[in-house]
Each structure stands twice: as structure tokens, then as C-alpha cells.
Amino acid sequence: MRNMINDISSNKRDVIAQKWKNELSTLKNLCISSKITPDMFEQLNEEFLDMMIRYINQNDIEKDQTLHRFFDKVLQLNMPLKFLTQGLQTFRRVILDVLLQEDVKKEKAIDIYQHVDRLIDPLLNEVVEESSLFWEKTVSAQKTALMELSAPVIPVLENITVMPLIGTIDTERAKLIMENLLDGVIKNRSLVVLIDITGVPVVDTMVAHHIIQAADAVRLLGATCILVGIRPEIAQTIISLGIDLSYFPTKSTLLKGIEHALEITNQQLLKK
Amino acid sequence: MSIQSCVEVRNEWDIVSARQLGRNMAKELGFGTVDQARITTAISELARNIYLYAGHGKVCIEAVEEMGKKGLKIIATDKGPGIRDIRKVMEDGYTTSGGLGAGLPGVKRLMDEFSIDSSVNVGTEIIATKWIR
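For every chain, the first residue of the written sequence is number 1, and numbering continues from 1 along that sequence. To label them, take the chains in the order written and letter them from A, then take the ligands in the order written and number them from 1. Local features in this predicted model are restricted to residues whose pLDDT is 70 or higher, and side-chain atom pairs enter the listing and the counts only when it is 80 or higher, whereas totals over whole chains, interfaces and linings include all residues.

1. Section: the overall build of chain A
Along its length, chain A carries 11 helices and four strands. Any residue pair is listed as a contact if its two C-beta atoms, each placed from the backbone, are within 7 Å. In chain A, the proportion of contacts linking residues at least 24 apart, taken out of those at least 6 apart, comes to 73%. Secondary structure counts use DSSP, requiring at least four H or I residues in a row for a helix and at least two E residues in a row for a strand, with both numbered from the N terminus.

Next up, the structure:
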């Protein structure tokens, strides 16, 4: 069986290559969405085919990781997974086509099918596994990056710190905001903390609730919390929702908040 | 004929996509920024209720037209535990989850029309509409 496949794949390389290329030409529009030029696509295809033929001939590159590296390269190029899966499936089809062109007996045909399946299936598994691993890594890296950005505490003036909030606040982030805020108050010996919600798109009861709790906690530490960056439409929705934000001062802009904070801390900015 | 788009609510991120959908639709229909914020906030509240109390449900946004008026309709449905006492949840400050208890009465004030239909162990359907002034 091995020999037969070997013979065919080396003798009929051109036929296989032609068929494979015809079938894969539909995939060409994939390179429009990724940053691959048509030339590069051709080259990748060529490399892919070469490797597949080597793989079924000797089955030796499995050990030296050439295939593995190739898959990795394709994924790094941001090619869709479809390129690899469809490529492998097409290769299987083409090989079977070529092998079964000659009249073979039924038992032999089944044998061929099974053999080719055993060759291709592990590769498909590997490709899927590798790509899911690749995406998992990307997502977790982004999650970490997002976490680092999510609740910064910035000391701006003596005893005054600012926490700018940008983007959607979910439960996890709300927890982080509270922790960082309280840590920041202690670490910077703040008397006033300004929470800037200019970049928060929606202030619903949950977000408001978290802000109120955070402000309350800051008050327990002996500091004052000022909520700034309230846009007019946000002010109106807060009123409609019936949320009471009168426990702590609120201002429309960060600048007004800082002016108020200077007043509270008995400080003044002087022009030279 | 009306156009309707729906978002399944299963986790916190679905809440964000639901209100994104609502905001885009409100913008297209020609609502002003304040009303856009009202609609988005209302969707946020309703979607969060689904996530918190029912765990799984659906928020649908629909463009409606009635007697020459154009508007936007939010339909939030779930097959959750239902609401035992509707009168109570419409009171300000009533909460079973430690929140502010402003969600449902708030939505009623944010929108122009509001109706709620719920039966225990069957589910809840809330329909709220905002008209363009």
C-alpha cells in the first residue's frame, strides 16, 4: 500500500499539483481579507503541496517538525484556518482521485481510503488544535492588556488623584476599580479622588451602583470622591433612572473637578 | 412591515452587544443624542435583568410606525423564574439582588410606553417603546 502511494505521488506529481491548484483557486479570495499578496499565496500553496507530497512519501518530516513549523507560519500570517483545513481536505480528495483512477478492486479501494485517512486525519487534528491554541494565547494576552488598562490611578497634584474610566464597566472591572481606587488613595495619600466617566458610554443602575459603592468606600478612608465627566445626556438618564448621586460632589469636566479638589485641599495654582 | 433584530443574552458581553444594536438602530431612526442614551440605558437595564435573574433570554429591537409616528420598540423576553409581585418591582428602591432597585421603574421613565407580562416559573416579557418627537 505504502509503495503504491509512493509511486503515484512521485510519478504523478504534476497531475496532483494541477488538480490541487484548480480546486484551491476558489480560496484565492481569502488573501484579500488577510494581508497576503497573490504571489505569496502561490508560494505558500507550492510549499504546502511540496510538503504534503513529502509527507505521504516518506512520512519523515513529522519528526523534524517541518509541517508543524509551516502551520505555525501560516497562522502567524493571519491566514484563515480555512486555508489549511480546506487544503488538507482537497489534498485528500486529489490523492484519492488519482489513486482510484486505475481500476481497483473494491477491497483494495477500501484499503486505499483507510490508508489515506490515516495519513491526513492526524494532520487535520493538529491544525485545528494548533490554531485554537494560537487564538487562546492571543485572547489571554489581550485580556491581560485590557486588565492593565482598565482602572489606572494617576496622582496629579499633591493629595489629588484621578481615575479615568474608559469603556464598558462589567462586574469584573467594577471590582478592579474599587480595589485600585482604595489602594491608590492609601498609596498616594490622597485627600481627593476624581473619577472621570467621560469615556463610559452608558451609565445604568449597575454602573451607578458600583460608583456609589466606590465613593462610599473612599469616604470611609477619609478622602473625598468627586465624580467628573458627566455628559448632559448621561445626567438626564441618571435623573430618569432616579439614581441619587447627591452623597458626593459631581462636576461636568475634569478641570472643574480639579478646581474643586484644590479648594478642598486648601491649595492654589499660581500663574508665574 | 417592521425590521426586527435580536440579541441572545447569555453573558455580560451580550448586554454590550444588545445596547450597541439599540444605539445603532436609534441613530439610524433619527433619535437625538439624549434619547439615544435613554434607549441604550433602557436596553442595558433590561438585558442585565435577563442576565442576572433568568440567566438566558433575548432582547429584540424593532423599528415601529404608528399613526405617522416613528419609534423604536424593545422586546425583552426570557424563560426565567418570573416576577412574583409586579407592583413591587415597579416601586423605586425594591431590589432582590442588592442593587439600587431603580432598574424597571427607571426603564419605565426612560421610555414612552412600557408593559410587563410575567408569570412565575414561565418567564417574563417586557415591551418598551420610545417615539421620536
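2. Details of the sheet that holds strand E2 (residues 160–166) of chain A
All names here are of chain A. Pairing in this open sheet of four strands is mixed, and the strands run E1-E2-E3-E4 from one edge to the other. Where the open sheet ends on each side, the last strands, each with one partner, are strand E1 (154–157) and strand E4 (224–228). Pairs of neighbouring strands in the sheet enclose a mean axial angle of 30°, with direction left out of account. Sheet topology places E1 next to E2; three bridges connect them, and they run antiparallel. When the bridges of E2 are listed, Leu157 appears paired with Ile160. Helix axes use the C-alpha atoms of the stretch in contact, all axes being lines fitted to C-alpha atoms, and the angles between their N-to-C directions lie in the range 0 to 180 degrees. Lying over the sheet, helix H9 (residues 205–220) contacts strand E3 (192–199) and E4, oriented at roughly 150° with respect to E4. Strands qualify as paired when DSSP identifies two bridges or more between them.

3. Examining the confidence of the model for chain B
Looking at chain B as a whole, the pLDDT averages 89, with 98% of positions reaching at least 70. Here the predicted complex carries an ipTM of 0.85, next to a pTM of 0.73. A score from 0 to 100, pLDDT tells how confident the predictor is in each residue.

4. Focus on the pairing of strand E4 (residues 113–119) of chain B
Residue and element names in this part refer to chain B. With seven bridges connecting them, E4 and strand E5 (residues 123–131) associate as antiparallel partners. Paired with Ser115 across the strands is Ile127, a residue of E5. Taking the residues between adjacent antiparallel strands as the criterion, E4 and E5 are bridged by three residues, where Asn121 takes a positive phi near 65°.

5. Looking at the confidence of the model for chain A
Predicted coordinates in regions of low pLDDT should not be interpreted in detail. Taken residue by residue, chain A gives an average pLDDT of 83. The fraction at 70 or more is 89%. Ranking the elements of chain A by mean pLDDT puts helix H3 (residues 30–33) of chain A last with 59 and E4 of chain A first with 94.

6. Section: the sheet that holds strand E2 (residues 57–66) of chain B
Residues and elements named next belong to chain B. Spatial ordering of the open sheet is given by E1-E2-E3-E5-E4, a layout of five strands whose pairing is antiparallel. If you trace the sheet from one side to the other, it starts and ends with strand E1 (4–9) and E4, each paired once. In this sheet, adjacent strand axes meet at a mean angle of 15° when their direction is disregarded. As judged from the eight bridges shared by strand E3 (residues 69–78) and E5, these two strands associate in the antiparallel manner. Its bridge partner lying in E5, Asp78 is registered against Thr124. Across the sheet, helix H2 (residues 33–54) is in contact with E1, E2, E3 and E5; its angle to E3 comes to roughly 15°.

7. Description of the pairing of E3 of chain B
Residue and element names in this part refer to chain B. Looking at chain direction, E2 and E3 are connected through 10 bridges and run antiparallel. Its bridge partner being in E3, Lys58 is matched across the sheet by Thr77. The hairpin turn running from E2 into E3, its antiparallel successor, is two residues long, and Met67 in that turn takes a positive phi close to 50°.

8. As for helix H2 (residues 13–24) of chain A
Residues and elements named next belong to chain A. With 12 residues, H2 extends 16 Å from end C-alpha to end C-alpha; this agrees with the ideal 16 Å at 1.5 Å per step. With C-beta atoms placed from the backbone, the exposure class of a residue follows from how many other C-beta atoms lie within 10 Å of its own: 20 or more, buried; 12 or fewer, exposed; in between, partly exposed. Taken residue by residue, H2 has Ile16, Trp20 and Leu24 as its buried positions. Buried residues of H2 fall within an arc of 55° about the axis and therefore sit on the same side. Residues of H2 that are exposed and angled more than 90 degrees away from the buried face: Asp14, Gln18 and Asn22. Expected span, for any helix, means 1.5 Å times one less than how many residues it has. Summarising the geometry, the arc corresponds to the directions from the helix axis toward the C-beta atoms.

9. A few points about the packing of H2 of chain B against helix H4 (residues 103–110) of chain B
Residues and elements named next belong to chain B. Contact geometry of H2 with H4 gives a least axis separation of 9 Å together with a crossing angle of 150°. Relative to H4, the element H2 is oriented roughly antiparallel. Of the two possible hands of crossing, H2 and H4 adopt the one that is left-handed. Each of Arg38, Thr41, Ala42, Glu45, Leu46 and Asn49 in H2 lies in contact with H4, whose residues at this interface are Gly103, Gly106, Val107 and Leu110. Put simply, angles under 35 degrees are roughly parallel, angles over 145 are roughly antiparallel, angles from 65 to 115 are roughly perpendicular, and the rest are oblique. Helix crossings get a hand from a simple test, with the near helix turned counterclockwise from the far one by less than a right angle marking a left-handed crossing and a clockwise turn marking a right-handed one.

10. Describing the nonpolar core
Joined through C-beta atoms within 7 Å, a set of buried Ala, Val, Leu, Ile, Met, Phe, Trp, Tyr and Cys residues constitutes a nonpolar core. With 63 residues, the main nonpolar core has Val193, Leu194 and Ile195 of chain A together with Ala42, Leu46, Ala47 and Val59 of chain B as its most contacted residues. With eight residues, H2 of chain B is the single largest residue contributor to this core. Dropping the residues within four chain positions of it, Ala47 of chain B is found in contact with Val9, Asp14, Ile15, Ala18, Arg19, Val59 and Ala76 of chain B. Listed in part, the 18 residues of the second largest apolar core include Ile16, Phe48, Val94 and Ile95 of chain A.

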